[in-house]
Structures are given as C-alpha cells and as structure tokens.
Amino acid sequence: FAVIIFVFFSDQIVYNVDDDLVFMCDTLWGCVQRAVDLGFRNTPVFTRDPVPVITPLFNLIYFLTINTILVSIITGIIIDTFAEMRETRDQVLEEVTTKCVICRKG
C-alpha cells in the first residue's frame with residue numbers, strides 16, 4: 001500500500017497523528033515508514049478538496065487488509081502458540097501423574 005500511495009497519491013495524502021503533527025509521503029521510504037507506523041492507527045487522509053471517487057474504496061481496502069486481516073493473522077498465531085504450550089503442559093502433567101518416577105512405567 002505504501003508503494004501505491006507514493007506512486008499515485010503522494011501529493012494528496014497525509015497521515016494525521018495530532019492536530020500539530022502531520023506526516024506527508026515525500027519519499028518512498030518515508031511512505032513505507034508511515035504506513036507501517038501509523039497504518040494500524042490511522043488510515044491515510046486525502047487532502048484534495050473534491051475528493052476523488054477512489055478515496056472511499058481505497059480507505060476501505062486499506063482498512064480491511066491492514067487492520068482486519070493482519071491483526072487476525074497475528075491473533076491467530078498468538079492463540080496457536082498458547083494452545084501448543086497448553087498441550088505440552090498437559091502432556092508433562094499426565095506423564096508425571098501416571099508414571100513412576102523411578103522406573104518410568106505406568
């Protein structure tokens with residue numbers, strides 16, 4: 001998305017953090033930094049006065065892909081990791097409670 005913003009909309013988009021702090025996409029690297037840093041919190045804001053028709057569509061696609069899909073993937077990874085940890089803990093607990101400590105027979 002940062003490349004698309006830089007190529008097509010670099011003069012029309014700003015990232016508003018506060019009323020005082022505004023970041024523009026002057027360079028491709030700056031655009032990538034802003035998209036990674038501010039993309040989860042704010043969608044890019046178009047500054048052209050007659051807002052182009054593509055703006056609401058771009059904001060919707062940006063929000064759906066960045067916020068919804070990526071956050072869902074990260075959440076799934078976290079949940080899966082905890083499930084693996086729980087399975088390992090349950091296996092160790094079952095082994096400790098059902099097998100003899102000295103001879104390891106059940």
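This text follows the structure it describes.
Definitions and limits used
Within any chain, residue numbers begin from 1 and follow the written order of that chain's sequence. Totals for whole chains, interfaces and linings use all residues, but because this is a predicted model, local features are given only for residues with pLDDT of at least 70 and pairs of side-chain atoms are given and counted only at 80 or more. Calculation of side-chain values draws on the structure's entire complement of heavy atoms; hydrogens and water are dropped beforehand. The numbering of helices and of strands both runs from the N terminus, where a helix is a DSSP run of H or I of at least 4 residues and a strand a run of E of at least 2. Buried, partly exposed and exposed residues are distinguished by accessible area as a fraction of the type maximum, computed with a 1.4 Å probe on protein chains only: under 20%, between the cut-offs, and over 50%, respectively. The criterion used for residue contact is that any of the two residues' heavy atoms lie within 4.5 Å. Using a 1.4 Å probe, accessible areas were evaluated by the Shrake-Rupley method; residue-level cover was limited to the displayed protein chains. Throughout, nonpolar core names a set of buried Ala, Val, Leu, Ile, Met, Phe, Trp, Tyr and Cys residues whose side chains join them through atoms within 4.5 Å. When a carboxyl oxygen of Asp or Glu lies within 4 Å of a side-chain nitrogen of Lys or Arg, that pair is called a salt bridge.

Caption draft 1: Seen up close, the overall build of the chain. Across its full length, the chain carries three helices and three strands. For the chain, the residues scored as buried account for 20% of the 106 residues in total. Excluding contacts between residues fewer than 6 apart, the proportion of contacts in the chain whose partners are at least 24 apart in sequence is 52%. Total accessible area on the chain stands at roughly 7,900 Å², and carbon and sulfur atoms take up 65% of it.

Caption draft 2: Seen up close, the nonpolar core. Within the largest apolar cluster, ten residues are counted, these being Ala2, Ile5, Phe9, Ile13, Cys25, Cys31, Ala35, Phe58, Tyr62 and Ile66. Contributions of two or more residues to this core are made by helix H1 (2–9), helix H2 (28–38) and helix H3 (54–98).

Caption draft 3: Fine view of the pattern of salt bridges. One pass over the structure, following the stated rule, counts one salt bridge. Linking Arg89 and Asp90 is a salt bridge whose minimum nitrogen-to-oxygen distance equals 3.4 Å. Looking at Arg89, the relative accessible area reads 53%, which means it is exposed.

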